[in-house]
Every structure is written in C-alpha cells, then in structure tokens.
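Spelled out, the chains give:
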Amino acid sequence: MLATTMHNLTDDEIHGIADKVRPSFLAGTKQMMIDNDLEQALIDIYVPLAASLVQQTEDHHSSRVIGINGAQGSGKTTLCTLLKVVIEEGFAKRVAAFSIDDIYLTHAERKTLAKEIHPLLETRGVPGTHDVTLGLDLLAGLRELKSGQTISIPLFDKAIDDRSAEENFRQVTGPIDLVLFEGWCVGVKAQREEALAIAVNSLERLEDPDQIWRSYVNKQLQKGYKELFNQIDFLVMLKIPGMTSVMEWRSKQESKLGRTSAQSGRKIMNAAELQRFIMHYERLTRATLTEMPDRADLVFELDEKHLISGVKINKRTHKGMA
C-alpha cells in the first residue's frame, strides 16, 4: 500500500522480511490483545514503513526521531510496538520508543498548576502537563548515545496517576538508529487566539468560561512544546474518522484494561468518567484532524473498523514546526 518511492525494497524482499519477523510480530499482537488480523498489514504497511524509516538513517550520523501522532485509541502504541519489532528483527537496526505520556509531570506538580493557574490542569494529558525539558533532554541523550552507554526513560504509572519510581524506568543502551516518539499531541500546533473564544464542549463552557485553561494550554504549544516537536525528523499521523471514534475506541481500551486491572491496580473509568476525560482532549484533537493531514510527512487514514484504509504522503520542504 505504501508507495515504492518511500522505500527501495522489491516485493520478494518485503515478503522475505515479513516471513522473518512474523512469529515475533504475531506474538506482539497477541500480547496486546489486538482484535484485528494484521497479517496483511505486516506486508502492506509495517515492512514498507520500516524500510522507509531505515532508509532515512543511511545518510545521517545521529539517530532519527520519528514522531507518531494519533488521537486517543487510534493505535499509536500498537504501531510503535510492532514497528520496533519489524525494524530490529527485519533490518537489524536499534530502536528506542517512548510516549509523551512517559514525561507527564508528577501528580504533585500538576496539583500545584491546578492551584496556581487552573483546576483543570490537575488532569494529565493536555500540553502544559508534561515535563518538556525532560523530553528535550531525552531526545538529545538518545541521539548522542554511544555504544555501551545507557540512558533511562521514565515510566508514568497510570494506576497511581504519577511517575513511577526510578527503579522501574526503562534502560536503553546505545547506539540508537531510530527513536519512535508517540503521543496524541505529538507534533500539534498552537491555535489562533480567536479560535479559543468558542467552547467546543460543556467542560470548556462550564469549567473554563474565562478561557484561562485553554489559553494556558495554547501558550505552552507556542513555547516549549514547539521546541520539543521541532526535534522530529519525520512525522506520521494516524487519522481517525472523527471524535465519535475516540469515544468508541477509547472505551474498548478501557475494557481491555479491565481484564488486567486486578493485577495492575488501575481504576477503570466508567462511561461518564471517560466522556469527561476525553473532553479535555477534544479541542486539540478536532484542530489536529483539520490541519495536520496536509502537514505530516505520512498520513494513515483509519476507517470505522480501525483498519488503515488509505495512505497520504506529503513532501515537506523543510524541517520544523514553524
């Protein structure tokens, strides 16, 4: 499905790599409890995408940062996890993957923001609730990691809504060829100030009538987050059909989490709690669905069945979010 201009593999080579990585790939789908059969996607999407990204590393001496954007429930974690398997086992390249969730501010830090700026900032997710400096340091460290050197990637524990203890951080050993950096707001741009005036849902209308919260979030996108996202060399977008899919797919995620919640200790959100949670993300999700498809380097269009139904390739003339 991916255009051959994005990679240099023949059909025989694609199938050969798919055969090589298939056992680990399918094991990954089983472990993540993926409902859809991704056998064909391995050939049509994963191997060609991996080849394209690996090809980008050939002319660069430092690791490349691949940004992966997608609304809640779109499948970013699935894409990153399986893509890492294909790149490492099929192309013998070293991959580090982390989520913007990994750099959430601690619960105490968010409570301080809630007290000093706006109560809605206690809820994790929106720009302004991440440690951007930590993110910049991580990307710089991963790019510069030499053979044998190690770097720690934080882990956010959603069961306790706080950063995990340091002994639980993931250790990554260099060198690294590709960094997969995923998140619902990865690569997102600030909105025009006039766009903030109209509330997009009842949360904004009733709990942010003076636009303090949404203005603060927008200002963060204009400053530190812009610098963070400017580190991205290649931006991939998982484009969902619309906001209805967010609620439906995110609900399925909660159901899956429910199967393991007894072991993890994580509280599962009911429908009302989930609806409120998603409202925090709605403004930027809607804005991103409108503007990012013409800006991201590669757009995977998802259908209502959560399958990739189309691919769009954009030619960026320069790097950066300006």
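The structure presented is a predicted model; accordingly, all values stated were derived computationally and were not measured. (Residues numbered from 1 in each chain as written. Predicted model: local features only at pLDDT ≥ 70, side-chain atom pairs only at ≥ 80, totals over all residues. Heavy atoms only, no water.)

## Some remarks on the overall build of the protein chain
A count of helical and extended segments in the protein chain gives 10 helices and 10 strands. Relative to the compact-globule value of 20 Å for 322 residues, the protein chain shows a C-alpha radius of gyration of 19 Å, a close match. Each principal axis of the C-alpha distribution contributes one length, and for the protein chain these read about 60 × 45 × 40 Å. For the protein chain, the proportion of its 322 residues judged to be buried stands at 52%. Residue pairs in contact within the protein chain that sit at least 24 positions apart in sequence constitute 77% of those at least 6 positions apart. Summed over its atoms, the accessible surface of the protein chain is roughly 15100 Å², and 50% of this surface lies on carbon and sulfur atoms. (Helix = DSSP H or I, 4+ residues; strand = E, 2+ residues; numbered from the N terminus. Rg over C-alpha atoms; globule rule 2.2 N^0.38 Å. Buried < 20%, exposed > 50% of the residue type's maximum accessible area, 1.4 Å probe, protein only. Contact = heavy atoms within 4.5 Å. Areas by Shrake-Rupley, 256 points an atom, 1.4 Å probe, with all protein chains shown as cover.)

## Observations regarding empty space enclosed by the protein
Counting across every chain of the model gives three cavities of 30 Å³ or more. One number sums up the size of the largest cavity: a volume of about 90 Å³. Around the largest cavity, the lining is made up of 13 residues, and of these Trp-213, Arg-214, Val-217, Arg-283 and Leu-284 lie nearest the centre. When grouped by side-chain class, the residues that make up the lining of the largest cavity number seven nonpolar, three polar and three charged. Of the volumes computed, that of the second largest cavity is approximately 50 Å³. In terms of lining residues, the second largest cavity is bounded by Asn-69, Gly-70, Ala-71, Trp-184, Met-237, Leu-238, Thr-285, Thr-288 and Leu-289. Of all the elements in the fold, those that place two or more residues in the lining of the second largest cavity are strand S1 (64–70), strand S8 (234–239) and helix H10 (271–291). The greatest single-element share of the lining of the second largest cavity, amounting to three residues, is contributed by H10. In terms of residue class, the lining of the second largest cavity is made up of five nonpolar, four polar and no charged. (1 Å grid on protein atoms, 1.4 Å probe; cavity = no way out; pocket = protein on both sides within 12 Å on 5 of 7 lines; lining within 4 Å. Points joined across faces, edges and corners; volume = space filled by probe spheres on them. Nonpolar A, V, L, I, M, F, W, Y, C, P; charged D, E, K, R; others polar.)

## Some points on helix H5 (residues 132–144)
Under the 1.5 Å per step criterion, the end-to-end length of H5 is 18 Å for 13 residues, consistent within 8% with the ideal 18 Å. Among the residues of H5, those classed as buried are Val-132, Gly-135, Leu-136, Leu-138, Leu-139, Gly-141, Leu-142 and Arg-143. The elements touched by buried residues of H5 are S1, strand S2 (95–99), strand S3 (150–153), strand S6 (170–173), strand S7 (178–183) and helix H8 (224–229). For H5, the N-terminal capping position is held by Asp-131, with its side-chain oxygen 3.4 Å away from the main-chain nitrogen of Thr-133. (Expected span 1.5 Å × (residues − 1). Polar contact = N/O pair within 3.5 Å; in protein donor to acceptor, adjacent residues only side chain to side chain.)

## Describing the sheet that holds strand S9 (residues 298–302)
Two strands in a sheet stick together by hydrogen bonds in their backbones, pointing the same way (parallel) or opposite ways (antiparallel). Strand order in the open sheet formed by six strands is S2-S7-S1-S8-S9-S10, with mixed pairing between adjacent strands. Either end of the sheet is taken by a strand with one partner, and the two such strands are S2 and strand S10 (308–313). On average, adjacent strands in this sheet sit at an angle of 15 degrees to one another, irrespective of strand direction. (Pairing = 2+ DSSP bridges. Axes fitted to C-alpha atoms, helices over the stretch in contact; angles between N-to-C directions.)

## Remarks on the packing of aromatic side chains
Scanning the model with the defined rule gives six aromatic pairs in all. Centre to centre, the rings of Tyr-225 and Phe-229 are 6.0 Å apart; their planes meet at 65 degrees, and the pair counts as edge-to-face. Separated by four residues within a single helix, Tyr-225 and Phe-229 lie in helix H8, roughly one turn from each other. The class of Tyr-225 is buried, set by a relative accessible area of 2%. Arranged with centres 5.1 Å apart and planes meeting at 65 degrees, the rings of Phe-277 and Tyr-281 form a pair that is edge-to-face. You can see Phe-277 and its partner Tyr-281 sitting in helix H10, four residues apart, about one turn around the helix. Residue Phe-277 is classed as buried on the basis of its relative accessible area of 9%. Judged by relative accessible area, Tyr-281 falls into the buried class, the value being 3%. An aromatic cluster is built from Trp-184, Phe-277 and Tyr-281, whose rings are joined through pairwise contacts. (Phe/Tyr/Trp six-rings, centres within 6.5 Å; stacked < 30°, edge-to-face > 60°.)

## Some remarks on the pattern of salt bridges
Overall, the coordinates contain 18 salt bridges when judged by the stated rule. A salt bridge links Lys-84 to Glu-88; its shortest N-O distance comes to 3.1 Å. Pair noted here: Lys-84 and Glu-88 are both in helix H3 (residues 76–91), with a separation of four residues, about one helical turn. Judged by its relative accessible area of 25%, Lys-84 falls in the partly exposed class. By relative accessible area, Glu-88 is classed as partly exposed at 31%. The salt bridge partner of Arg-286 is Glu-282, with a shortest N-O separation of 2.8 Å. One end of the pair is Arg-286 and the other is Glu-282, both in helix H10 and four residues apart, which spans about a single turn. Residue Arg-286 is classed as partly exposed on the basis of its relative accessible area of 42%. Each member of the salt-bridge network shares a partner with another, and the members are Glu-204, Asp-208, Arg-214 and Arg-283. (Salt bridge = Lys/Arg side-chain N within 4 Å of Asp/Glu carboxyl O.)

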